[in-house]
Structures are given as structure tokens and as C-alpha cells.
Amino acid sequence: MQTKDKFSESYIFDEVKSDSARVSQDELGEILKNENRIKKKASKLNLEKFAKLIRQLTLSLQMLKDFKTKAYTNIPWKTIALIVAAVLYFINPFDLIPDFIPFLGYTDDAVAFAVVFNSAQKDLFEYCKWKGYNTEDYF
């Protein structure tokens, strides 16, 4: 029996995917109420290294708002739940690698977003086009 390294992309994605199965509309609302906290934490990421990821996070938050207000509903709940679970993982300071550990604290958060955004890329891309944004800025 093969076990996954708990710091591997597949392990982190499986954790987020598992959590996404339990995401509710209330948690979507909670994410949107904490948008400033999320953006503040994202600002601590290395902008040089994570610029694309930060733009995709911003795009995702906009999409979640538009979904919640029903301005944009052309997206499966599965994608919404996956993004909400990734954001919840991101704002949890005690995830696989606690955020207070220098140089490593945000690594698992970045990996979680990267694999979620890769998985949800088609839906995010369509939303980006719907908003009239230049998709090259995000993908």
C-alpha cells in the first residue's frame, strides 16, 4: 500500500477536495464576509513568485460574489465548493504547514490554490471572459 506524502500536491488537493464535499452556502457567505482578511493574507505571499496565483485568487473572489448575488450562475456548484474549500484552507493558520513557519508557512496554501485553480481553470476562464477581462492576465 502506497501512502501519499502529506506535503505533496495530490495529498493537499485530496484534502481540499474532501473538504469541498461539505461546503455550504453559509460558508460561501463566510468567505465573502472575510474578503479583506483573505486579501491581507494573500498580500503576504511573495508577489514575484505568486503574482498569477494572487490574480486568480482575486478573480475567484469576484466570481464567488457574482455567484452569490446570482449575477453569474454559469458555474457548477462543484467548482464553487472547491474554491470555497481552498479559501477556507488558506485562511486556516493551522493547516498542514502552519503559516507562522518562516519561508514554508504559505507553501501548502499556494499548492492548494494552484491545484484547485488548475482543476477549475475552464470555469474560471469562462468567468474571466464573461467579465471582459484579458484572460492572459490570469492564465
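Look a little higher up for the structure.
In what follows, the accompanying structure is described. Every value quoted in this text rests on a predicted model; they were computed, and no experiment measured them.

Tallying secondary structure elements over the protein chain gives 7 helices and 0 strands in all. Counted from the first residue to the last, the protein chain has its helices and strands arranged as α-α-α-α-α-α-α. When the 139 residues of the protein chain are sorted by exposure, 47% land in the buried category. Once local pairs closer than 6 in sequence are excluded, the contacts in the protein chain between residues at least 24 apart make up 67%. As presented, the protein chain carries roughly 8100 Å² of accessible surface, and 52% of it is formed by carbon and sulfur atoms.

Turning next to unusual backbone geometry. Although it is not a glycine, Lys70 adopts a positive phi angle of roughly 70°. Along the chain, the position of Lys70 falls in the loop between helix H4 (47–68) and helix H5 (77–91). Judged by relative accessible area, Lys70 falls into the exposed class, the value being 65%.

Packing of helix H2 (residues 25–33) against H5 leaves a shortest axis separation of 10 Å and a crossing angle of 50°. Between H2 and H5, the crossing angle belongs to the class labelled oblique. The crossing of H2 and H5 is left-handed. Residue-level inspection shows Gln25, Glu27, Leu28 and Ile31 of H2 in contact with H5, the latter providing Trp77, Ile80, Val84, Val87, Leu88 and Ile91.

Looking now at the side chain of Glu35. For Glu35, the position within the fold is in helix H3 (residues 35–42). Residue classification places Glu35 among the buried residues on the basis of a relative accessible area of 12%. In this view, Glu35 contacts Leu61 and Lys65; residues no more than four positions away in its chain are not counted.

Counting 37 residues, the largest nonpolar core has Leu57 and Leu64 as the members making the most contacts within it. The dominant element in this core, judged by the number of residues it contributes, is H5, at 10 residues. The residues touching Leu57, leaving out its near neighbours within four places in the chain, are Ile38, Ala42, Val87, Phe90, Phe113 and Phe117.

Moving on to the pattern of salt bridges. Two side chains with opposite charge may pair up if their charged atoms get near one another. Inspection of the entire model under this criterion finds 5 salt bridges. Of the charged contacts in the structure, one is a salt bridge between Glu30 and Lys33, with a shortest N-O distance of 3.6 Å. Highlighted residues: Glu30 and Lys33, both in helix H2, separated by 3 residues, approximately one helical turn. Here Lys33 falls in the exposed class, since its relative accessible area comes to 68%. The salt bridge involving Lys39 is made with Glu35; its shortest N-O contact spans 3.0 Å. You can see Lys39 and its partner Glu35 sitting in helix H3, 4 residues apart, about one turn around the helix. Where salt bridges share partners, they join Glu35, Lys39 and Lys65 into one cluster.

The rules behind each value
- Within any chain, residue numbers begin from 1 and follow the written order of that chain's sequence.
- In view of the model being predicted, local features appear only for residues whose pLDDT reaches at least 70, and side-chain atom pairs are presented and counted only at 80 or more, with totals across whole chains, interfaces and linings using the full set of residues.
- Derived side-chain values reflect all non-hydrogen atoms in the structure, with water molecules and hydrogen atoms excluded from consideration.
- Strands here are runs of E lasting at least two residues and helices are runs of H or I lasting at least four, both read from the DSSP assignment and numbered beginning at the N terminus.
- Per-residue accessibility, obtained with a 1.4 Å probe over protein chains only, is compared with the maximum for each type, and a residue is labelled buried under 20%, exposed over 50%, and partly exposed between these values.
- It only takes one pair of heavy atoms within 4.5 Å for two residues to be counted as in contact.
- Reported accessibility uses the Shrake-Rupley method at a 1.4 Å probe radius. Residues are deemed covered only where the shown protein chains occlude them.
- Geometry is summarised by axes, namely lines fitted to C-alpha atoms with helices restricted to the contacting stretch, and by angles between N-to-C directions that run from 0 to 180 degrees.
- Between 65 and 115 degrees an angle is taken as roughly perpendicular, under 35 as roughly parallel, over 145 as roughly antiparallel, and anywhere else as oblique.
- A crossing counts as left-handed when the near helix is turned anticlockwise from the far one by less than a right angle, and as right-handed when that turn is clockwise.
- In plain words, nonpolar cores are sets of buried Ala, Val, Leu, Ile, Met, Phe, Trp, Tyr and Cys residues tied together by side-chain atoms within 4.5 Å.
- Salt bridge, as applied in this entry: a Lys or Arg side-chain nitrogen positioned within 4 Å of an Asp or Glu carboxyl oxygen.

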